Amino acid sequence: MSFLDLLKNNILLSDGATGTFLQSKGLEPGGCPELMNVEKEEAVIEMADRYFKSGSDFVLTNTFGGSPFMLKKYGYEDKVEEFNKKGAMIAKSVCPDGKFVFGSIGPTGEFIEPLGAVTEKEMSYGFERQINGLLEGGVDGIIFETQMAIEELVIGIKTAKKITNLPIIGSMVFDKGPRGFFTMMGVSPKKAADDIYNAGGDVIATNCGNGSEIMVDLANELKQSSKLPVMVQSNAGIPKIKNKKVIYDETPEFMIKNYQKFIDIGISIVGGCCGTTFDHIEAFRNLINENK
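In what follows, the accompanying structure is described. Just so it is clear, the model here is predicted, and its values are computed rather than measured.

Scanning the entire structure with this criterion turns up 16 salt bridges. Two residues, Lys53 and Asp49, come together in a salt bridge whose shortest N-O distance is 2.9 Å. You can see Lys53 and its partner Asp49 sitting in helix α4 (residues 41-54), four residues apart, about one turn around the helix. With a closest N to O distance of 2.9 Å, Lys161 and Asp202 form a salt bridge. Here the residue Lys161 occupies a position in helix α8 (residues 150-163), and Asp202 occupies one in the loop between α9 (189-199) and β8 (203-207), the gap between them amounting to 41 residues. Within the structure, one salt-bridge network assembled from shared partners comprises Lys25, Glu46 and Arg50.

The structure is reproduced here in structure tokens:
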């Protein structure tokens, strides 16, 4: 059964944090995570495998910063296709039957003209290179995640839709202020929902930026605004510094109370973002199973 067909009658579960796991396997602060697809393949394989074994219906590739714009900062601009293809192949190598791998595409870190120096054509071509690498590696869908600028996200979705018929998820980061929820670039959940739908996206999502309590309010707003299925990936709380280490203090037990609210609201896909572990994913899996 296809991903979108499954989504019609099931709550699906994504994976959890990537960065914290890779750091535990030797990724240095400020290092290039995508390089690990080539140099520390076994760590990336272990991550995908453990998320599947914890109950994820789909996992994301280790390609969040795999655009030419981001890889250029490390001197790997010519490795875009290679790193993305390898990231997809690694996750697919441990993907069980009936499960899926989505290619992760994070923000480019650039602004489109006239705000920035990159043209729409250049940004589209950058996405095209990354998506082609992911498709060569065998992904089952594409997720644009942790996005803040709707113009960039729309270009990404439209570029993907020209190249492939696979499902496309558009995920943005919203913060709650005095006037409600907005991205850093001033995009409301309603505008995000409308623009992602009009661009041809298949799922609207939010990830990162908030702990699970605030995400409940945001999930509600997205659900009311969207013509598409909604996906929510919460952080395990807001990061705190303790003994010079960054910690996320929301336990699986704490988070499942709010994840039950996501299910009650009618959210179609749940998963974890920063600070969430294999234990969190296992707890979410059990919760989904209890709600069947």
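Relative to the helices and strands, Arg285 resides in helix α12 (residues 278-290). Overall, Arg285 belongs to the buried group, its relative accessible area being 11%. One polar contact links the side chain of Arg285 to the main-chain carbonyl oxygen of Gly55, over a distance of 2.8 Å. Ignoring anything within four residues of it in the chain, the contact list for Arg285 reads Ile11, Leu13, Ser54, Gly55, Asp57 and Lys292.

So, about the sheet that holds strand β5 (residues 168-172). Ordered in space as β1-β12-β9-β8-β5-β4-β3-β2, the eight strands form an open sheet in which the pairing is parallel. Each edge of the open sheet is held by one strand with a lone partner, namely β1 (12-13) and β2 (58-60). Direction of pairing for strand β4 (residues 141-147) relative to β5: parallel, over a ladder of four bridges. By the bridge assignment for β5, Phe144 is matched with Gly170. Packing against the sheet, helix α7 (residues 120-136) makes contact with β3 (100-105) and β4, and its axis sits at approximately 160° to β3. Along the sheet, α9 contacts β5 and β8; its crossing angle with β8, the most-contacted strand, is approximately 140°.

To continue, consider the nonpolar core. One recurring pattern in soluble globular proteins: nonpolar side chains tend to sit buried together. If you look at the biggest cluster of nonpolar residues, it comprises 66 residues, and the most contacted ones within it are Ile142, Phe144, Ile204 and Phe262. Residues in contact with Phe262, not counting those within four places in the same chain, are Ser212, Met215, Val216, Ala219, Val232, Ile267 and Val270. Residues Phe58, Phe100, Phe102 and Ala205 belong to the second largest nonpolar core, which totals 13 residues.

This part takes up the environment of Lys53. Owing to a relative accessible area of 66%, Lys53 belongs among the exposed residues under this scheme. Residues Lys53 and Ala283 lie 230 residues apart in sequence; the distance between their C-alpha atoms is 12 Å. Of note is the side chain of Lys53, whose polar atom sits 2.9 Å from the side chain of Asp49.

The rules behind each value
Residues numbered from 1 in each chain as written. Predicted model: local features only at pLDDT ≥ 70, side-chain atom pairs only at ≥ 80, totals over all residues. Heavy atoms only, no water. Salt bridge = Lys/Arg side-chain N within 4 Å of Asp/Glu carboxyl O. Helix = DSSP H or I, 4+ residues; strand = E, 2+ residues; numbered from the N terminus. Buried < 20%, exposed > 50% of the residue type's maximum accessible area, 1.4 Å probe, protein only. Polar contact = N/O pair within 3.5 Å; in protein donor to acceptor, adjacent residues only side chain to side chain. Contact = heavy atoms within 4.5 Å. Pairing = 2+ DSSP bridges. Axes fitted to C-alpha atoms, helices over the stretch in contact; angles between N-to-C directions. Core = buried A, V, L, I, M, F, W, Y, C linked by side-chain atoms within 4.5 Å.

Nothing here speaks to function; it is all geometry.
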